[in-house]
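# Examination of the molecular architecture
One-letter residues, chain by chain:
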Amino acid sequence: MAVSLIRCVSIGLLLGIVFGGSPGSTQAAAVSPRPLVLESIEIAGRTRTPERVILAHIALSPGDDVTVEALESDRERLLATDYFKKVKFSTRPGAARGAVVLVIDVEERSFPTFETGFGYDDLHGWFLTLLGLRFDNAFGIESQFRLGLRLGFRVTGVDAEWRTAAPPGGGIGLDARLHVYNQRHLFFGSGPEGPTPWGGDGWARFEQDIARSGAEAGLRYELRGGTQLSFGFQVEANEPKGDFKERETDDEFDSADLPPPLAADLEKTTKTGVYFRAIRDTRDDDAYPLEGSFARFTLEANTTTLGGDHIFTKLTGDVRKHIALGDRRVFSSRAAAGVLTDGAPYYDRFTIGGNYTIRGFEEWSLSSTEGDDGFWLVNAELRVPLAGSSRRQPTLTGLLFFDAGQSWRREEPISASDIESALGYGVRLRLPWLGTLGLDAGVPLTAGRTGDSFRVHLLLGFSF
Amino acid sequence: MSKTLIRRSIRAAIVIVGVAGLAWTPAHAAGGESERPAITGAKVFLAGDKIVSTVTTTGLFSEEIVGTVQSGLPAVVELLYSLVGRDNKTLDAGLHTIELRYDVWENVYSAERADTTSRFSSFAAMASAVQTLRRVTIVPLSALRPNTEYAIRLSVAIHPLQGRGKEEIAGWVGEHVRSGSEGSLREQVLNLNDLIEHFFARDKSPANRSDWYRTEFFNPGILPTADEEDK
């Protein structure tokens, strides 16, 4: 009865979101009969940033028509680099009538920058960055170094990243990353107790700590049109702890009680290999895309040739498409899939369910105890502005979603009857201090394994 | 110590102070002022059924503002106002903007408010008109209680190209997104340096914005009319 009531309310809310009114947006464009022309650009205030770096980040160049919109767009580009605390644009008359000299006055950031924040990671869930350090544009090299001390429900540790920017017109950048943390790994199963340990019908949640530390370094080649190719090397040492506990009851167990596939991977091992990533992003905006597409493919090949203990290959793909429906209504869709070869430790296998995969189910609950060797997902979402018309991204956005997918072990037959799906609705609230926070309510259309009939998810940003 | 030595010391001190003073004095560019914008006076009147204010300002036209307007691109004057009671609580607040433009082809200056556009034949004439912002509507008379005292707080700013709104606050927060082999990460980041500076900086007012100016407290029932201002 309660489930039926929830479903009825859900459907009512869905219809309200779809057919509810949305504030329209209006834009007025000023038309200038005779354009002003940029004569030259002068830069003031820089102490360590080369002029070429500043000029590379702005679209205007001498000879171009000058408008307030073009100038503001370039100012925002410079601010977006995070190299400058302040960027001020002003102009003065050039030599000829209608000629304009652009004066760019910058105030570089003193470093380091201290920061704090919070976020969501596919592997570690929600986390808080207790303290972060950032060095932007150190020594005038276009680079960013970030170091964060992270604390979350499933992660504690330090993450450091160094990136050099590729030239705006396309070129090569460098990436390097280092991490040392304790990850709380989730797995689901019937439990070690009872007549058939890990063979029963129940599906409880367990947690086990894994000490993970690693590094990766590579080259990133950025092309015009939002395409990015990356290639590099990675190494990671992993040491799973033998002790684990059941989340609900806090009952603690030792390594003798672990499911056999997990117990087999308890040794400290090292993973070494290469990665290749390709990203193509033609979305018109990162935060609230109205049109465009995003595609990401990742190939990770681990080998013992470089001194590691594992040989396996992992391939994942993620394709998203956004279609504008007018009045900032958007239909967004995503298809994602992944496969890996035999030899991967359980903590590197695929898990689905929950935020950013199939909402309506508990996180990672739709995969087998030792993780899976393959998965696919499809997501469809209708996004409708509910309040706030002055900006591109509405203050409040309502959405309807449909998520479906499945994951599998290689030795088990893939069956259509194992496909899991959910329908739901949600809201996204754009807050000036906190970014975009989301609340999604999912109603499973299939049984799942934990028997959920309704689940609410807290998200950062949109699901995809 | 001899009198000569004392005199020399005084002379040297005067020279040092003078040189330091000259070095500190902001350079004056042709046609431009260099001090921060300031409100030097504001009078409150009754115009029909509205409370209006005439605000006198100085320091609006820095070298960069003059250059921007003279080159044919706009500058925007923003007058922020708030109505406060005796308890200093804000009862109403708003923003008036004036866009200053120069048509380089027709040699005409203009000051565009929300409802009116005034044209001028010279920059000096436009600057003179803008430095005294006449009859800025603050609040309808019907919104005020009779026999209650109010004051108006005012601040003026000028920006080259376009108004700035709340960009300073937006700059504190950033988004960090990363795609890796193990999935993606998204993080909302608060810049502590900017935040600390905002709350603890000695001078919080930007260089292009005036300090707040408060009018004398007035009783809406016994205000002079705008016609009396013209006399």
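Residues numbered from 1 in each chain as written. Chains lettered and ligands numbered in written order. Predicted model: local features only at pLDDT ≥ 70, side-chain atom pairs only at ≥ 80, totals over all residues.

What follows covers the overall build of chain B. For chain B, the count of helices and strands is six helices and 11 strands. Considering only residue pairs separated by 6 or more positions, chain B has 66% of its internal contacts joining residues 24 or more positions apart. (Helix = DSSP H or I, 4+ residues; strand = E, 2+ residues; numbered from the N terminus. Contact = placed C-beta atoms within 7 Å.)

All names here are of chain B. Taken residue by residue, helix α3 (residues 123-131) has M126, A127 and V130 as its buried positions. Within α3, the buried residues cover an arc of 100° as seen down the axis, which keeps them to one side. Seen from the buried face of α3, the exposed residues on the opposite side, beyond 90 degrees, are A124 and S128. In this structure, the buried side of α3 is in contact with β3 (75-85), β4 (90-103), β5 (108-112), β6 (117-120) and β7 (132-140). (Buried ≥ 20, exposed ≤ 12 C-beta atoms within 10 Å, placed from the backbone. Arc of directions from axis to C-beta.)

Here the focus is the sheet that holds strand β8 (residues 150-160) of chain B. Residues and elements named next belong to chain B. Strand order across the open sheet formed by six strands is β6-β5-β4-β3-β8-β11, with antiparallel pairing between neighbours. Edge positions in the sheet fall to β6 and β11 (213-214), since each has one partner strand and no second. Judged from the two bridges that link them, β8 and β11 form a sheet pairing that is antiparallel. The residue bridging L154 from the neighbouring strand is Y213, located in β11. Of the strands in this sheet, β3, β4 and β8 touch helix α2 (residues 63-70), which is tilted by about 65° from β8. The sheet contacts of α3 involve β3, β4, β5 and β6, and relative to β5 the element is tilted by about 15°. (Pairing = 2+ DSSP bridges. Axes fitted to C-alpha atoms, helices over the stretch in contact; angles between N-to-C directions.)

Turning our eyes to something else, we now look at unusual backbone geometry. Residues and elements named next belong to chain A. In this structure, D250 is a non-glycine residue whose phi angle is positive, near 65°. Position of D250 relative to the elements: it lies in the loop between β11 (227-246) and β12 (252-253). A positive phi angle is found at D327, which is not glycine, with a value near 55°. Looking at the element boundaries, D327 is found in the loop between β15 (312-326) and β16 (329-340).

Attention now goes to the sheet that holds strand β2 (residues 50-58) of chain B. Residues and elements named next belong to chain B. An order of β1-β2-β7 is seen for the three strands of this open sheet, with the pairing classed as antiparallel. Edge positions in the sheet fall to β1 (38-47) and β7, since each has one partner strand and no second. When strand polarity is set aside, the average angle formed by the axes of neighbouring strands in this sheet is 25°.

Our next topic: the environment of A:F89. Checked against the element boundaries, A:F89 lands in strand β3 (residues 84-93). Residue class for A:F89 comes out buried when judged on the 23 C-beta atoms lying within 10 Å of it. When near neighbours in sequence (up to four residues on either side) are disregarded, A:F89 contacts A:L71, A:R75, A:L102, A:I104, B:P160 and B:L161.

What follows concerns the nonpolar core. Ranked by size, the top nonpolar core spans 34 residues in total, and within it B:I65, B:V77, B:L79, B:L100, B:V130 and B:L154 carry the most contacts. Considering every element that reaches this core, the biggest residue donor is β8(B), with six residues. If near-sequence neighbours (up to four positions away) are discounted, B:I65 is found in contact with B:L60, B:A75, B:I158 and B:P160. Listed in part, the 18 residues of the second largest apolar core include A:V53, A:F89, A:V103 and B:L161. (Core = buried A, V, L, I, M, F, W, Y, C linked by C-beta atoms within 7 Å.)

A few words now on the interface of chain B and chain A. Contacts between the two partners involve 31 residues from chain B, matched on the other side by 41 residues from chain A. Where the side of chain B that touches chain A is concerned, the elements lending two or more residues are α2, β9 (173-180), β10 (183-191) and α5 (192-200) of chain B. In terms of residue count, the dominant contributor to the side of chain B that touches chain A is β10(B) (nine residues). Residue composition of the side of chain B that touches chain A, grouped by class: 12 nonpolar, 14 polar and five charged. (Nonpolar A, V, L, I, M, F, W, Y, C, P; charged D, E, K, R; others polar.)

Let us look at the environment of A:I419. Residue and element names in this part refer to chain A. Relative to the helices and strands, I419 resides in the loop between β18 (396-408) and β19 (420-431). On the basis of neighbour counts, which here come to 15 C-beta atoms within 10 Å, the residue I419 falls in the partly exposed class. The spacing of I419 and A301 is 118 residues in sequence and 28 Å in space, taken between C-alpha atoms. Aside from chain neighbours lying at most four places away, what touches I419 is A404 and Q406.

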